[in-house]
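Chains, contacts and geometry: an overview
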Amino acid sequence: MADSNLKSKTIRGLFFKLFEQGGSAIITLLVQIVMARILAPREFGMLAIMLVFVNVGNVLVQSGLNTAIVQSKDVGEKDFSTVFWMSLAVSVVLYVVVFLSAPAVASFYRMPRVVWPLRALVLVLIVNAYNSIQEAIVARDLQFNKTFRATITAGVVSGALGISAALAGFGIWALVVQQIAQQVVKCIALAKQIPWRPRLEFDGKRAVVLFRFSWKLLVSGIMDQLYQSLSDLIIGRVFTSTDLGYVSQGKKYPQALGVMLDGAIQPVMLSAVSRVQEDVSNVKRLARRGLKTSTYLIVPSMTLFAILAPQLVRLLLGAKWLPSVPFLQMYCFVYALLPIHTTNLQVLNGMGRSDLFLRLEVIKKCLGLAIISFAAFVMRDIYAIVFGSVIVGIASTFINASPNKRVIGYSYMEQVRDIVPAFAMSAASAVVVWFVASAMPNDVLGILVGIVVMFAVYVLLSWVFRVEEFGYVVRNLKAVRDRRAAAGK
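Computed from a predicted structure; not experimentally measured.

Notes on the nonpolar core
Among the nonpolar cores identified, the biggest contains 96 residues, and M35, M50 and I385 are the most heavily contacted of them. The greatest single-element share of this core, amounting to 11 residues, is contributed by helix 2 (residues 41-62). In contact with M50, other than residues within four places in its own chain, are V114, P117, L118, L121, I172 and V176. With 18 residues, the next largest nonpolar core counts V75, Y130, A136 and L190 among its residues.

Given below as structure tokens:
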């Protein structure tokens, strides 16, 4: 009975998380497309540099404590308030540090216009100290319908404000307004649905217990975020803000698509794994399901995106953004590998093995730093820098998967066998799409026909070869439909 209830809550949470990620990604992409047509590549390059400080700051603010709240079997109101006050204190200190160092950052990157926009943008760290607790509470209870409503509301409101500011000629400030508004509105919308409010209480002993688990995630998160931002920092310094704008746009859209699909599955899986962490066979079953389902959805999507990249960029962003196409295609491959990374890492988090998580991050980041530094400072080639991310992504699939053979009995070769069908069917479908789309007389027709052909060929191959994930997705879609129909009666 308990397993049945967990499965029901997990599936329900999965679909709400998918709707949240999907809705948010669609709104964000629409907003970014409109703003990319209004603003110049150099302004997106400036935003990319500023977001490095925001993203690293968010890791420090959360300190892995939100994951500790989700993973821990026994937490209460005092724990929530304790973590909040810790996060808030860190966010205030970070804001002061960035505020004072903003002129030095602007001088180092030869971007004098970013001083005050950076100072304003980093205010979101204070908002996120509160939001991280809200997100943890939602994840613990698998109530992702609440984040769905909050995320969609935030996307619409912040998008409208950002586009209005861009049309009014605010330039880089339009991007800052959109970013701040998104986090503030989401926090307010969640506060309307979640009764939790911080109390004036702090439990030092519980803080120590939670931090013992989370400090490894904190170090891992800092390394990961710095590494993710490393290419932006190097490109912004060695090349120009316009070059960085092309790379950041090329990365943004595959990243949004990958996060939309994989990000819907993995938080749900973390919560589910943490509930059954003592049953290793059940954890392996959940991990396999998460990996296979996520791969089945993400790989064909990234393949289609890469094939149609020239038409999509020309049509949606305009000809001025065509230099971003090669970067976009390389990042499509990088994010096609996302499921094998996140599935293995979420299993380690859910099992409470943050020590292994940290060890893996150290290995991957040392490898990545060596490859990207060689590409940037020896080859001095912007394309080689991005291709270095592809090489690191491939190597990291093995690094991330290796501990789980010992932890849950799920070996790397088993994982490869589980994802091969999605890659093989995507490659076969891509060949058909390329021939058909390239024969179309214009971009619009090429995109529409390409999408239809990709979907049809991929589904046909799934049906012919009786691919397990196809049946799983269809069964659960029918189950959701039937439950809604029953509820409507």
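A short note on the pattern of salt bridges
For the structure shown, the criterion picks out 11 salt bridges. A salt bridge links R199 to E201; the shortest N-O distance between them is 3.8 Å. One salt bridge connects R288 with D418, and the closest N-O pair in it is separated by 2.7 Å. Placement of R288 in helix 11 (residues 280-307) and of D418 in helix 18 (residues 412-438) is noted, with a sequence separation of 130 residues between them.

Observations concerning helix 13 (residues 325-336)
Taking 1.5 Å per residue, 12 residues should reach 16 Å; helix 13 reaches 17 Å between its end C-alpha atoms and fits that length. Extensive coverage of helix 13 is indicated by the burial of nine of its 12 residues. For helix 13, the complete set of buried residues consists of V325, F327, L328, M330, Y331, C332, V334, Y335 and A336.

Examining the environment of V127
Looking at the element boundaries, V127 is found in helix 6 (residues 124-140). A C-alpha to C-alpha distance of 6.5 Å links V127 and V184, two positions 57 residues apart in sequence. Excluding anything up to four places from it in sequence, V127 contacts Q183, V184 and C187.

Each value, and the rule that gives it
- Residues numbered from 1 in each chain as written.
- Predicted model: local features only at pLDDT ≥ 70, side-chain atom pairs only at ≥ 80, totals over all residues.
- Heavy atoms only, no water.
- Core = buried A, V, L, I, M, F, W, Y, C linked by side-chain atoms within 4.5 Å.
- Buried < 20%, exposed > 50% of the residue type's maximum accessible area, 1.4 Å probe, protein only.
- Helix = DSSP H or I, 4+ residues; strand = E, 2+ residues; numbered from the N terminus.
- Contact = heavy atoms within 4.5 Å.
- Salt bridge = Lys/Arg side-chain N within 4 Å of Asp/Glu carboxyl O.
- Expected span 1.5 Å × (residues − 1).

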